[in-house]
Amino acid sequence: MRVLGIETSCDETGIAVYDDKKGLLSHALYSQVKLHADYGGVVPELASRDHVRKIVPLIRQALADADMTIEDLDGIAYTKGPGLIGALLVGACVGRALAFSWDKPAIGVHHMEGHLLAPMLEDDVPAFPFLALLVSGGHSMLVGVEGIGRYEVLGESVDDAAGEAFDKTAKLLGLDYPGGPRLAKLAAKGIEKSYRFPRPMTDKPGLNFSFSGLKTFAANTIAAEPKDDQTRANIACAFEEAVVDTLAIKCKRALKQTGYERLVIAGGVSANTRLRASLAEMMKNLGGKVYYPRDEFCTDNGAMIAYAGLQRLKAGQTDDLSVKGQPRWPLDTLAPVD
Ligand code: KG4
Ligand code: ZN
């Protein structure tokens, strides 16, 4: 089975073709980072318009790179939610329209299920069950995963997502949007443990996160300290240490609670090297293993949507002809795939 995947939930247009026997046949990505940089964040209307401009040329490119025609496709998967409604509707309209005119089945995919399954695009895939730490610009979640569509949300952020906290703190440090990777680069030049930031909600039981206080702590520290490059790097490093430690403490707690031996990390922040190193070390000590996608599939992409959609289409699941976007969509309401 071969499925075309379409991702347009935020500021990346991602298109891919996935074959259940041969794996990923092609993927094309256009990032709108430059378009939004002047505004310091994603401008939803500009995002939607740019998806409209890029989506068809990228679909043509992905099909050509896979050396395929439309006839070779068995279905279409597009991101239905969560995300920016205008951006989602571009992918949903195009995916639905192509499915209708090409007479192919189509399905709307949950964006976070796409992230969660992205490690399946790699050679060394995690077996079920596992614990998933999903950390992106819009979400921070700990999920118990028993199988595809069998998700239990064990904890989530009560305020900012981890990526959002990275982006906001980066802005305070004078770094351009998107700040997460830039803050990580600055943090690498910092002297470890120069500052001690709080580890929010780790002294109380439970698996929820809170990151907005960390951003405020960073704002106060930045205001009170000198503005030279080394001090800024030290502050970035202390912020990153605090986020990574907090996530690691909650993962360890969730692993203990569930008894799972495998940990998957996915979403944009899973590209963070300090986070990967910390969780790899922790899993080694616990006798388990950590899995994450290659860097380009940590952030938004079409490959993860093609993969997730294929699993559901293969199980006979399809969506009706109506064009729907679902900006809010709880992950634990998805149908299981057996
Ligand atoms: O998954 P993603 O592409 O989009 C959403 O679904 O939200 O995640 C983007 C987020 C941004 O907040 C970005 O700053 C963050 O992931 N990010 C990082 C790194 N790379 C991307 N944060 C920390 N360190 C990184 N290396
Ligand atoms: Zn995402």
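Residues numbered from 1 in each chain as written. Chains lettered and ligands numbered in written order. Predicted model: local features only at pLDDT ≥ 70, side-chain atom pairs only at ≥ 80, totals over all residues. Heavy atoms only, no water.

## Comments concerning the sheet that holds strand S7 (residues 140-147)
Strands sit in the order S8-S7-S6-S9-S10 across an open sheet of five strands; the sheet is mixed. Looking at strand neighbours, the two that pair on one side only are strand S8 (150-156) and strand S10 (289-291), the edges of this open sheet. Strand-to-strand twist of the sheet, defined as the mean angle between neighbouring strand axes without regard to direction, takes the value 25°. As defined by bridge partners, strand S6 (residues 130-135) adjoins S7 across six bridges and the pair is classed as antiparallel. By the bridge assignment for S7, Val-135 is matched with Ser-140. The sheet contacts of helix H9 (residues 273-286) involve S6, strand S9 (262-266) and S10, and relative to S9 the element is tilted by about 175°. (Pairing = 2+ DSSP bridges. Helix = DSSP H or I, 4+ residues; strand = E, 2+ residues; numbered from the N terminus. Axes fitted to C-alpha atoms, helices over the stretch in contact; angles between N-to-C directions. Contact = heavy atoms within 4.5 Å.)

## A look at the sheet that holds strand S2 (residues 12-19)
Pairing in this open sheet of five strands is mixed, and the strands run S3-S2-S1-S4-S5 from one edge to the other. At either margin of the open sheet sits one strand with a lone partner, and together these are strand S3 (23-31) and strand S5 (106-110). Strand after strand, the sheet turns through a mean of 20° between neighbouring axes, direction not considered. Strand direction decides the pairing type here: strand S1 (residues 2-7) and strand S4 (residues 75-81), joined by four bridges, are parallel. Residue Val-3 lies in a different strand from S4, and its bridge partner there is Gly-75. Its contacts with the sheet put helix H10 (residues 303-314) on S1, S2, S3, S4 and S5, and the angle it makes with S1 is roughly 130°.

## Digging into the coordination of the zinc ion (ligand 2)
Around the zinc ion (ligand 2), the donor atoms from the protein are His-111 (NE2), His-115 (NE2) and Asp-300 (OD), and they sit 2.0 to 2.1 Å away. Around the zinc ion (ligand 2), the four donor atoms are arranged such that angles at the metal cover 95 to 137°; this shape is classified as irregular. Binding-site remark: the zinc ion (ligand 2) is held by donors from one chain whose sequence spacing is H-x3-H-x184-D. Of this pair, His-111 and His-115 both sit in helix H4 (residues 111-117), separated by four residues, roughly a single helical turn. Of the two residues, His-111 and His-115, both sit in the buried class. (Donors = N, O, S within 2.8 Å, 3.2 Å for Na, K, Ca; no water. Tetrahedral: all angles 85-135°; square planar, octahedral: opposite > 155°, others 65-115°. Buried < 20%, exposed > 50% of the residue type's maximum accessible area, 1.4 Å probe, protein only.)

## Here we look at helix H7 (residues 212-224)
Relative to the 18 Å expected for 13 residues at 1.5 Å per residue, H7 spans 19 Å between its end C-alpha atoms, a close match to the ideal helical length. The secondary structure elements touched by the buried residues of H7 are helix H5 (162-172) and helix H8 (229-258). (Expected span 1.5 Å × (residues − 1).)

## What to know about the packing of aromatic side chains
In this description, a pair of aromatic rings is defined by centroid distance and the angle of the planes. Within this structure, the stated rule accounts for five aromatic pairs. Relative to Phe-211, the ring of Phe-209 lies with its centre 5.8 Å away and its plane at 15°, an arrangement referred to as stacked. Assessed through its relative accessible area of 0%, Phe-211 is described here as buried. In this arrangement the basic side chain of Lys-54 is found over the ring face of Tyr-30, its NZ or CZ atom lying 4.2 Å from the centre. (Phe/Tyr/Trp six-rings, centres within 6.5 Å; stacked < 30°, edge-to-face > 60°. Lys NZ or Arg CZ within 6 Å of the ring centre and 35° of its normal.)

## Some points on the site of ligand 1
Taken together, 19 residues lie around ligand 1, and Gly-137, Asp-167, Gly-268, Asn-272 and Asp-300 are the ones closest in. A distance of 3.2 Å is found between an oxygen atom of ligand 1 and a backbone nitrogen or oxygen belonging to Gly-138. Gly-268 is positioned with one of its backbone polar atoms (N or O) 3.0 Å from an oxygen atom of ligand 1. Isolated, ligand 1 exposes 560 Å² of accessible area, and the fraction of that covered by the protein chains is 87%. Those elements that place two or more of their residues in the shell around ligand 1 are H4, H5 and helix H6 (179-187). Split by residue class, the shell around ligand 1 holds six nonpolar, 11 polar and two charged. (Near = heavy atom within 4 Å. Polar contact = N/O pair within 3.5 Å; in protein donor to acceptor, adjacent residues only side chain to side chain. Areas by Shrake-Rupley, 256 points an atom, 1.4 Å probe, with all protein chains shown as cover. Nonpolar A, V, L, I, M, F, W, Y, C, P; charged D, E, K, R; others polar.)

## Concerning the side chain of Glu-12
Position of Glu-12 relative to the elements: it lies in strand S2. No salt bridge forms around the buried Glu-12; measuring N to O, its nearest opposite-charge neighbour Arg-182 is 11 Å away. (Lys, Arg positive; Asp, Glu negative; His and termini not counted. Salt bridge = Lys/Arg side-chain N within 4 Å of Asp/Glu carboxyl O.)

## Some thoughts on a nonpolar patch on the surface
Taken together, the side chains of Ile-85, Leu-89 and Val-323 present a nonpolar region at the surface, about 210 Å² in accessible area. Of note, Ile-85 is situated in helix H3 (residues 85-102). (Patch = residues over 30% accessible without salt bridge, like charges linked within 9 Å, V, L, I, M, F, W, Y side chains within 5 Å.)

## Digging into the pattern of salt bridges
Under the criterion given, the structure shown has 18 salt bridges. Put simply, Asp-19 and Arg-2 hold a salt bridge, and the shortest N to O gap is 3.0 Å. Taken as a pair, Asp-19 in strand S2 and Arg-2 in strand S1 lie far apart in primary sequence, 17 residues in all. Grouping residues by exposure puts Asp-19 and Arg-2 together as buried. Between Arg-150 and Asp-338 there is a salt bridge; the shortest N-O distance is 2.4 Å. Taken together, the positions of Arg-150 in strand S8 and Asp-338 in the segment after H10 put the pair 188 residues apart, joining distant regions of the chain. Judged by relative accessible area, which is 36%, Arg-150 ranks as partly exposed. A single network of salt bridges, built from pairs that share partners, joins Asp-160, Glu-164, Lys-168 and Lys-215.

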